[in-house]
Amino acid sequence: MNTLIKLEITRTLRNKKFMFFSVVYPAGLFLVIAGPQGDSVVSGTGGLTMGAFYMVAMASFGALTAVLMGNSERIAKEREKGWVRQLRLTALPGRGYVLAKIASAAVVSLPSIIVVFLVAVAIKHVHLAAWQWLALTGVIWAGSLCFAALGVAIGYLANGDAVRPITMIIYFGLSILGGLWLPTTSYPQWLQDITTWLPTHAYAGLGQAIELGGAPHGRDVAIIVGYFLVFAAGAAWLYRKDTRKA
Amino acid sequence: MKTTAPPATAVASFADVSKAYGRVRAVDGLTLDLHPGETVALLGPNGAGKSSTLDLLLGLRTPDSGRISVFGKSPQAAIAAGHVGAMLQSGGLMEGVRVREIVGLACDLHPKPYPVDEVMDRAGIAQIADRMVDKLSGGQEQRVRFALATAGAADLIVLDEPTTGMDVTARQAFWSTMREQAGQGRAVLFATHYLEEADAIADRVLVLHKGRLLADGTAAEIKAKAGARRIAFDLECEIDEAALRGLPFLASLSLSGTTVRIQSHDADATVHALYGLGCYPRNLEVSGLGLEQAFVAITEAEEARTS
Ligand SMILES: Nc1ncnc2c1ncn2[C@@H]1O[C@H](COP(=O)(O)OP(=O)(O)OP(=O)(O)O)[C@@H](O)[C@H]1O
Ligand SMILES: [Mg+2]
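Since we're looking at a predicted model, the values are computed, not measured.

Calculation rules
- Residues numbered from 1 in each chain as written.
- Chains lettered and ligands numbered in written order.
- Predicted model: local features only at pLDDT ≥ 70, side-chain atom pairs only at ≥ 80, totals over all residues.
- Heavy atoms only, no water.
- Helix = DSSP H or I, 4+ residues; strand = E, 2+ residues; numbered from the N terminus.
- Rg over C-alpha atoms; globule rule 2.2 N^0.38 Å.
- Buried < 20%, exposed > 50% of the residue type's maximum accessible area, 1.4 Å probe, protein only.
- Lys, Arg positive; Asp, Glu negative; His and termini not counted.
- Charge placed at Lys NZ, Arg CZ, Asp CG, Glu CD.
- Donors = N, O, S within 2.8 Å, 3.2 Å for Na, K, Ca; no water.
- Contact = heavy atoms within 4.5 Å.
- Expected span 1.5 Å × (residues − 1).
- Arc of directions from axis to C-beta.

## Notes on the overall build of chain A
Scanning chain A from N- to C-terminus turns up ten helices and zero strands. In sequence order, chain A lays out its α and β elements as α-α-α-α-α-α-α-α-α-α. The C-alpha radius of gyration computed for chain A amounts to 18 Å, which stays within 12% of the reference 18 Å derived for 246 residues, consistent with globular compactness. Out of the 246 residues belonging to chain A, those deemed buried represent 55%. Distance between charge centroids for chain A: 13 Å, based on 20 positive and 10 negative side chains.

If you want it as structure tokens, here you go:
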């Protein structure tokens, strides 16, 4: 199982194009969205500036993009080519496969988060304490694993041509509703009530709490861990159950 | 017509197993036991249900009805225990890794692994160990699949058209390894379209057609079942075709010009009766059916019966 994890990480690192875009894209998006905005405070966030708000939002969004897109499409392709069938003829347990996929996603999301932070410091002059930088990196990275698991599950639920549109819908839906693009405080109340249950809302909440100088809210942590367990268990189950022709 | 007396423990058994995809009955009421040390060839035309049967045996699909057990366990449990090594017809390989890495992975995942170098040597891929898997030729890929199937000490080896795309040397090396494996008491089950392979290697041949088992026996028995012998001769006199068709033990008869071709269940009796017709046959040849003709005869007869 460790060999599989190592191998998944190795081949992700070898995929230079994928690594490059996954790492550069969130930082670029941060500049496009947060660049022209002033240093005004974002309402409903307890005093975060635009730069700080979008730094967490885009670091989270970028990590989510890298892990969700990367996993779902690659897994659907691997299933189509029959590698997953071959793998199912080994003693590898379902959780081993899911773990390896999550680990390889984590390798991509970490640098993408750090690059957004570097750009935010250099260009938008975001100032935080050392512990906050470390904590932010840690929670956004750890939180991305939840979406890596979701990516594995989608890769199993959707086939071939359907996987990209399905991933896109889930991805934009979760990002926008969860408040990674705009603060959810601009949404109508009934929508806000729903969005607080989304994993992306909890994900953005983790980083914002730290930026404001506190610890992440227990509720956000519980929600994201809960989703992680559901996604990971679902993915492992789907891996074992997959009887469709490759 | 089992040739081996069934030992107490079957390697694998199918009990009235069926599997349909929509309206296509891919496997239809299959009952079958495999025994230790047996090398079994699974023959059948395209779409006969060979791959489906092997997929069921490997737990990659679940049967609609019937029971499959492998070493007394479910297929999945047998695989998790490392009892089964398999090569799939449509087995993709992991991309973005080297040959040595993927073989190393298979060895690592196997409960009773062989050393990586030994596995690569046996599959003839030691020289390409550092190549990327995505850049291999079709035959090289097939050798890598072979390496994956033999990464550890399995008791049953399942191969779906294993030598497709291999060159002559690879094919010979492949089968000599398989003979070795069978010699160590392992059961080998392989699907193939190369009837020479089945004839030369298998000690038991299964013929599948539209998901049903048409024949099960040694290659010799299958040949016998198909109407054992061919008789061919030229006629130099007028003779009634009806009289020819009246010959005893005929399985089939075809006339082209003055040449008569007969398949007979008892060639001696047929030839004897032929002389009795009062017409002297020229260039008389009596020969055995090859496995290939036997296969064609069996499946065509079934085709005629069912359509
Ligand atoms: N996933 C599927 N969905 C629908 N039909 C299928 C599926 N897989 C196989 N079939 C059908 O089931 C039948 C048996 O297919 P199978 O692949 O087992 O044949 P085969 O004997 O292996 O053929 P070949 O010699 O071409 O490999 C065929 O008619 C095939 O079209
Ligand atoms: Mg097949």
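## Looking at the coordination of the magnesium ion (ligand 2)
All names here are of chain B. Protein coordination at the magnesium ion (ligand 2) comes from Ser51 (OG) and Gln89 (OE1), with a distance range of 1.9 to 2.1 Å. Residue serine 51 is found in helix α1 (residues 50-57), and its partner glutamine 89 is found in the loop between β5 (84-87) and α3 (99-109); the two are separated by 38 residues along the sequence. Serine 51 gets classed as buried once you look at its relative accessible area, which sits at 14%.

## Quick word on the environment of Ala20(B)
Residue and element names in this part refer to chain B. Relative to the elements of secondary structure, alanine 20 occurs in strand β1 (residues 12-21). Here the alpha-carbon distance between alanine 20 and aspartate 121, two residues 101 residues apart in the chain, equals 40 Å. Excluding residues within four positions of it along the chain, alanine 20 makes contact with Arg25, Ala26 and Asp64.

## Some thoughts on helix α1 (residues 2-14) of chain A
Between its first and last C-alpha atoms α1(A) spans 18 Å; for 13 residues at 1.5 Å apiece the expected length is 18 Å, and the two agree. Listed in full, the buried residues belonging to α1(A) are Leu4(A), Ile5(A), Leu7(A), Glu8(A), Arg11(A) and Thr12(A). All buried residues of α1(A) fall inside an arc of 165° around its axis, so they share one side. Away from the buried face of α1(A) by more than 90 degrees, exposed residues Asn2(A) and Lys6(A) are located. Residues of α1(A) that are buried sit in contact with α2 (16-34), α3 (50-81) and α5 (94-124) of chain A together with α3 of chain B.

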